[in-house]
Amino acid sequence: MFMPRRILFVIFDQFEMLDLSGPSSVFSAAQRFLKHPAYSVHTLSVTGGVVHCRAGIEVMTQSCEGVRVCPSDTILVVGGDNNAIAEISNHPSLHAWLTLNAPIAERFGSICSGALVLAANGLLDGRNATTHWADLALLARDYPAVNVQQDALYCIDDNLWTSAGVTTGIDMALAMLGSDHSSKIMREVASWLVVYAHRPGHQTQFSELLAAQNQDVFADIVVWLDANLHKPLRVQDMAEKSAMTERTFYRRFTDQVGCTPSKFLENRRLFRAKQLLETGSVVKSASASVGYKSILGFSKAFEAKYGLSPALYKRLHGNKE
């Protein structure tokens, strides 16, 4: 009889609900597309019983000490409130359970600031790991034995999986699903959940897009660019749209967003092209739809950005009937 993999989420009072609900939805949705029960999701805590997340929702848990970990299990520690993280990181019962069972599990890891819990218990020493961008400096400062990956959505180091948290926990869970089964199943689950099919772990957490959207003076530019990517836009056009001289626009945009306007425009074009390739567009059509006059120029820019040619990316990540 086929035994499903168990996904063991370790939670605590004031944990982040999306760190639990996002990845668990990936594993539960997989049942729609697999012919056998592939996963069972379990929530654990130090004491067991009801645990409250930061949003006030109650979650029933089993006691960690009552769970015997098997070689097919996955242990994931979620993130949460800073004070709660500090408190749970030093809990002797959790330390004993984690250090005993992490080596037994098929894989173990964390979502968001859960990496700080693993680090405090010595489980990240000498390993590559990441966490939420707001905690990267803290992780590097307090745990110098950890090889902190500063620019990653999620990081895989043998059986250790760590993610930047919140929605990137979904990306990591999808990657686990693809590793366990196939990229086809991964894409089907992503489509069902209406999320991005697959974001490679090495992508940056805090993009220039977020930086631009957070600046009132440039937020409208993002919307305007996305509606006009098929046109031969220039930095001069962006400056005029912002009612600035080109020189002033270039300086302010670069200072506040962290990249030049021309690089920002190129990244928006390539991101849109990637979406088009994933949803069925051929390379020539995707290139033209985002304003490239030359397929060769488009292909070089795409490969420099994503590490794959547009044709290979489409083959690996495009929708397949």
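Every residue gets a number counted from 1 within its own chain, in the order that chain's sequence is written. Reporting in this predicted model follows two pLDDT cut-offs: at least 70 for local features of residues, and 80 or more for side-chain atom pairs to be given and counted; totals over whole chains, interfaces and linings ignore these cut-offs and use all residues. The side-chain quantities take in all heavy atoms of the structure and omit both hydrogens and water.

This part covers the environment of Thr279. With respect to the helices and strands, Thr279 occurs in the loop between α12 (261–278) and α13 (283–289). It is 8.9 Å that separates the C-alpha atoms of Thr279 and Lys314, two residues lying 35 residues apart in sequence. N or O atoms within 3.5 Å of each other form a polar contact, as long as, within protein, one can give a hydrogen and the other can take it, and as long as residues adjacent in sequence are counted only when both atoms are side-chain atoms. A polar contact of 3.0 Å, which involves the side chain of Thr279, links it to the backbone oxygen of Gln275. Labels follow the DSSP assignment, with helices taken as runs of H or I lasting at least four residues and strands as runs of E lasting at least two, numbered in each case from the N terminus.

With respect to the helices and strands, the residue Asp237 is situated in helix α10 (residues 235–241). Classification of residues uses two cut-offs on accessible area relative to the type maximum, computed with a 1.4 Å probe and protein chains only: under 20% is buried, over 50% is exposed, and between them is partly exposed. By relative accessible area, Asp237 is classed as buried at 18%. A distance of 2.8 Å separates the side chain of Asp237 from the backbone nitrogen of Arg234, its partner in a polar contact. Should any heavy atoms of two residues lie within 4.5 Å, those residues are counted as being in contact. If near-sequence neighbours (up to four positions away) are discounted, Asp237 is found in contact with Trp224 and Pro232.

Both faces of strand β10 (residues 160–163) are covered, namely the face carrying Leu160 and Thr162 and the face carrying Trp161 and Ser163. Strands are labelled as partners when DSSP assigns at least two bridges between them. Relative to β10, strand β6 (residues 107–111) runs parallel, the two sharing four bridges. Note on β10: the bridge partner recorded for Ser110 is Thr162. By the bridge criterion, four bridges tie strand β9 (residues 154–157) to β10 in an arrangement that is antiparallel. Looking at β10, one finds that Ile156 is bridged to Trp161. Joining the antiparallel neighbours β9 and β10 is a turn of two residues, in which Asp158 adopts a positive phi near 60°.

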